[in-house]
Amino acid sequence: AGEAITAAVPVRSFEAADTCIMVTRRGRAKRVALSEFSAVRRAGLIAINLDQGDELGWARLTKESDEIILVTEGGQALRFAVSEVRAMGRQAAGVTGIRLKKGDQVTSMEVVEPGGDLLVVTQNGFGKRTPLGEYAAKSRATSGIQTIDQKALKQIGLISAARVVQEKDELTMISTNGVVLRTKVKDIRQAGRATRGVTLMNLGKGDSVASLARISAADLKRAGAAQEEE
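Draft legend 1. Inspection of the overall build of the protein chain at higher detail. Looking only at helices and strands, one finds two helices and 15 strands in the protein chain. In terms of its C-alpha atoms, the protein chain occupies a principal-axis envelope of roughly 45 × 45 × 40 Å. Counting across all 230 residues of the protein chain, residues that qualify as buried make up 42%. Long-range pairs, those at least 24 residues apart, make up 75% of the contacts in the protein chain with a sequence separation of at least 6. Summed over all atoms, the accessible surface of the protein chain reaches about 12,300 Å², with 47% contributed by carbon and sulfur. Each charge class in the protein chain was averaged separately, 34 positive and 27 negative side chains, and the resulting centres sit 5 Å apart.

As structure tokens, this is what we get:
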């Protein structure tokens with residue numbers, strides 16, 4: 001009672017990745033050896049112990065050499081190596097991933113990809129993509145760096161979601177009123193970290209961006225979708 005599914009992570013084999021990394025809304029990070037979940041009972045296993053009022057937001061499969069980037073609603077981003085979060089037992093509560101300002105919370109966690117961009121979308125439908133090279137790796141448990149024009153947040157809205165994308169990918173945005181928009185990443189211009197972005201989705205009164213899904217070029221190819229000639 002009172003629980004909801006946070007993430008579904010497909011696992012072809014328990015040797016496909018070294019660990020599973022989890023991040024909570026309040027910025028706690030935890031890494032667990034993937035083998036710890038190789039014998040899950042029907043009733044499930046404890047994956048992380050949460051502080052009161054916190055909730056698990058994301059889970060990703062990672063290798064020791066990977067980096068992740070955390071993005072907050074208030075426009076901070078922190079990139080750090082997953083190796084900074086030591087692997088621990090399933091029932092541990094984790095460690096501080098990002099230090100949050102008062103009233104802020106994590107809105108996205110993504111695994112860094114070579115040549116990728118960080119795309120952010122705000123509640124009022126504004127967005128932009130910025131090369132990941134502009135986000136230098138820092139130590140965990142720091143506050144990160146600015147990833148949007150924070151002076152414009154009252155107009156553009158808090159960050160609703162962020163995704164690591166490649167130029168050949170496509171995106172689907174869904175609003176709270178059920179409006180769906182599909183677009184290509186290459187049609188969203190690149191911009192600096194501290195800029196406000198441009199309108200990606202025109203929203204009606206009282207509507208806001210609820211979800212952002214990445215459709216990678218590799219996924220489209222596996223699904224048999226027609227590819228445009230370069």
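Draft legend 2. Here's a closer look at the pattern of salt bridges. Using the criterion set out here, one finds 10 salt bridges in the structure. In this structure, E55 engages R25 in a salt bridge whose closest nitrogen and oxygen atoms are separated by 4.0 Å. Here the residue E55 occupies a position in the loop between strand 2 (28–33) and strand 3 (56–62), and R25 occupies one in the loop between strand 1 (19–24) and strand 2, the gap between them amounting to 30 residues. Relative accessible area serves as the criterion here: at 24%, R25 is assigned to the partly exposed category. When the shortest N-O distance is used, the salt bridge between R60 and E110 registers 2.9 Å.

Draft legend 3. Spatial organisation of the environment of G2. As for its position among the elements, G2 is in the segment before strand 1. Taking the C-alpha atoms as reference points, G2 and G89, separated by 87 residues in sequence, lie 25 Å from one another.

Draft legend 4. Highlighting the pairing of strand 2. As paired strands, strand 1 and strand 2 are joined by five bridges and run antiparallel to one another. Across the sheet, residue V23 finds its bridge partner in strand 2, namely A29. Once strand 1 ends, the chain turns through three residues before running back antiparallel as strand 2, passing G27 with a positive phi of about 90 degrees. Relative to strand 6 (residues 95–96), strand 2 is paired through two bridges, and the arrangement is antiparallel. Residue pairing across strands places R28 opposite T96, the latter belonging to strand 6.

Draft legend 5. Representation of the sheet that holds strand 5 (residues 76–81). On the basis of which strands lie adjacent, the open sheet formed by four strands has the order 7-4-5-10 and antiparallel pairing. With partners counted over all chains shown, the strands left at the sheet margins are strand 7 (106–111) and strand 10 (145–146), one partner each. Strand direction decides the pairing type here: strand 4 (residues 67–72) and strand 5, joined by five bridges, are antiparallel. Bridging from a neighbouring strand, L70 pairs with L78 of strand 5.

Draft legend 6. Summary view of unusual backbone geometry. Its identity as a non-glycine residue notwithstanding, A141 has a phi of 70 degrees, on the positive side. Note on placement: A141 falls in the loop between strand 9 (126–131) and strand 10. With a relative accessible area of 18%, A141 lands in the buried category.

Definitions and limits used
- Residues numbered from 1 in each chain as written.
- Predicted model: local features only at pLDDT ≥ 70, side-chain atom pairs only at ≥ 80, totals over all residues.
- Heavy atoms only, no water.
- Helix = DSSP H or I, 4+ residues; strand = E, 2+ residues; numbered from the N terminus.
- Buried < 20%, exposed > 50% of the residue type's maximum accessible area, 1.4 Å probe, protein only.
- Contact = heavy atoms within 4.5 Å.
- Areas by Shrake-Rupley, 256 points an atom, 1.4 Å probe, with all protein chains shown as cover.
- Lys, Arg positive; Asp, Glu negative; His and termini not counted.
- Charge placed at Lys NZ, Arg CZ, Asp CG, Glu CD.
- Salt bridge = Lys/Arg side-chain N within 4 Å of Asp/Glu carboxyl O.
- Pairing = 2+ DSSP bridges.

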